[in-house]
2 protein chains.
Amino acid sequence: MSGIEILGYVAGTISTIVFLPQVIKTWKTKSAKDVSLLMFVFATTSVVLWLIYGLLIKNGSIIYTNSCILVLSLVMLYFKVKYK
Amino acid sequence: MSGIEILGYVAGTISTIVFLPQVIKTWKTKSAKDVSLLMFVFATTSVVLWLIYGLLIKNGSIIYTNSCILVLSLVMLYFKVKYK
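All values reported here derive from a predicted model rather than from experimental measurement.

Student: Sorry if this is basic, but what is going on with the overall build of chain A here?
Tutor: Looking only at helices and strands, one finds 4 helices and 0 strands in chain A. Along the longest, intermediate and shortest principal axes, the C-alpha atoms of chain A span 45 × 25 × 15 Å. Split into buried and exposed, the 84 residues of chain A put 48% on the buried side. Here the contacts in chain A between residues at least 6 apart in sequence split such that 69% fall between residues at least 24 apart. Accessible surface computed for chain A: about 4400 Å², of which carbon and sulfur atoms make up 74%.

In structure tokens, the structure reads:
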């Protein structure tokens, strides 16, 4: 595996966990007043489209990455509605 | 342009503006207490790596998309430090 490929994998891996700190913070504080609902509506919409795109072109990386982001994004949407 | 390509472009376009609603909300409310600092540290790190990856493989879409996300991510990091 080349250095460029490794860089791509590292970037991809960090991308999948971008929302994780927000999920943990909101779960702990039970407060999401300052968090934008629309941010997670946009995030969920884009990852669902990426997921369909990945399935259509049969690209495992796109499918895997966006499945992970989708789970965290849906959890945050639920938290935002629950904790306001 | 095929339907699949259009889907990819739509998904990419929405991805670039995911952080925009959060930037606008925080700018209006001047409060970012519930927003995770680590979320935007992770986001900034991943888009910088994607940007370097895009520059190395000379992929215009990756460079353009991640440049847009980087601007919004840096603004949110600034807001988070400024407004707490």
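Next comes the rest of the account.
Student: Help me understand the packing of aromatic side chains in this model?
Tutor: How two aromatic rings sit relative to each other is given by the distance of their centres and the angle of their planes. Across all of its chains, the model carries 8 aromatic pairs over all chains by this definition. A centroid spacing of 5.6 Å and a plane angle of 80° characterise the contact between Trp50 of chain B and Tyr53 of chain B, whose relative ring orientation is edge-to-face. Here the residue Trp50 of chain B and the residue Tyr53 of chain B both occupy positions in helix H3 (residues 37–56), the gap between them amounting to 3 residues, near one helical turn. Judged by its relative accessible area of 22%, Trp50 of chain B is partly exposed. Of the residues examined, Tyr53 of chain B reaches a relative accessible area of 18% and is grouped as buried. Pairwise contacts between aromatic rings join Tyr78, Phe79 and Tyr83 of chain A into one cluster.

Student: Just to check I follow, could you spell out the side chain of Ser73 of chain A for this structure?
Tutor: Residue and element names in this part refer to chain A. Tracing the sequence through the fold places Ser73 in helix H4 (residues 60–83). Engagement of the side chain of Ser73 in a polar contact is seen with the side chain of Thr44, the distance being 2.8 Å. Apart from the residues lying within four places of it in its own chain, the contact partners of Ser73 are Phe19, Phe40, Ala43 and Thr44.

Student: Help me understand the interface of chain B and chain A, please; the structure alone is not making it clear to me.
Tutor: Listed by partner, the interface residues are 34 residues for chain B and 34 residues for chain A. Across the chain B to chain A interface the summed buried area is about 3000 Å²; carbon plus sulfur atoms make up 75%. Contact with chain A buries area across many residues of chain B, yet Leu7, Asp34 and Met39 of chain B alone supply 21% of it, more than any other trio. At the junction of chain B and chain A, the tally comes to 0 salt bridges. Summed over the shared surface of chain B and chain A, the number is 13 residue pairs in polar contact (both at pLDDT 80 or more).

Student: What is the right way to read the packing of helix H3 (residues 37–56) of chain A against helix H1 (residues 3–16) of chain B from this model?
Tutor: The relative placement of two packed helices comes down to the angle between their axes together with the axis-to-axis distance. At their nearest, the axes of H3 of chain A and H1 of chain B sit 9 Å apart, and the two run at 155° to each other. By the angle class used here, H3 of chain A and H1 of chain B are roughly antiparallel. Remark: the crossing between H3 of chain A and H1 of chain B carries left-handed chirality. Contacts between H3 of chain A and H1 of chain B involve Phe42, Thr45, Ser46, Leu49, Trp50, Ile52, Tyr53 and Leu56 of chain A from the former and Ile4, Leu7, Gly8, Val10, Ala11, Gly12, Ile14 and Ser15 of chain B from the latter. Its residues assigned to classes, the contact of H3 of chain A with H1 of chain B shows 11 nonpolar, 5 polar and no charged.

The rules behind the values
- Within every chain, residues take consecutive numbers counted from 1 along the sequence as written.
- All chains are assigned letters beginning at A, and all ligands numbers beginning at 1, according to the order in which they are written.
- Local features in this predicted model are restricted to residues whose pLDDT is 70 or higher, and side-chain atom pairs enter the listing and the counts only when it is 80 or higher, whereas totals over whole chains, interfaces and linings include all residues.
- The side-chain figures draw on all heavy atoms in the structure; neither hydrogens nor water molecules are used.
- In DSSP terms, a helix is any run of H or I states spanning at least four residues, a strand is any run of E spanning at least two, and both are numbered starting from the N terminus.
- Between buried and exposed lies partly exposed: a residue is buried under 20% and exposed over 50% of the maximum accessible area for its type, with that area taken using a 1.4 Å probe on protein chains only.
- Residue contacts are counted whenever heavy atoms from the two residues lie within 4.5 Å of one another.
- Each accessible area value is a Shrake-Rupley result obtained with a 1.4 Å probe; residue values ignore everything except the protein chains displayed when judging cover.
- By convention, a stacked pair of Phe, Tyr or Trp rings (six-membered ring in the case of Trp) has centres within 6.5 Å and planes under 30 degrees apart, an edge-to-face pair has planes over 60 apart, and any other such pair is tilted.
- Under this definition, polar contacts are N or O atom pairs within 3.5 Å; protein pairs additionally need one hydrogen-donor-capable and one acceptor-capable atom, and for neighbouring residues in sequence, both atoms have to be side-chain atoms.
- Using a 1.4 Å probe, buried area is obtained as the accessible area two parts lose upon being combined, added over both of them.
- By definition here, a salt bridge exists when the distance from a side-chain nitrogen of Lys or Arg to a carboxyl oxygen of Asp or Glu is within 4 Å.
- In this analysis an axis means a line fitted to C-alpha atoms, helices contributing only their contacting stretch, and an angle means the value between N-to-C directions, from 0 to 180 degrees.
- Geometric relationships in this document are graded by angle, where less than 35 degrees denotes roughly parallel, more than 145 denotes roughly antiparallel, 65 to 115 denotes roughly perpendicular, and other angles denote oblique.
- Take the far helix as your reference; a near helix turned counterclockwise from it by less than a right angle gives a left-handed crossing, and one turned clockwise gives a right-handed crossing.
- Classification used: nonpolar for Ala, Val, Leu, Ile, Met, Phe, Trp, Tyr, Cys and Pro, charged for Asp, Glu, Lys and Arg, polar for all others including Gly.

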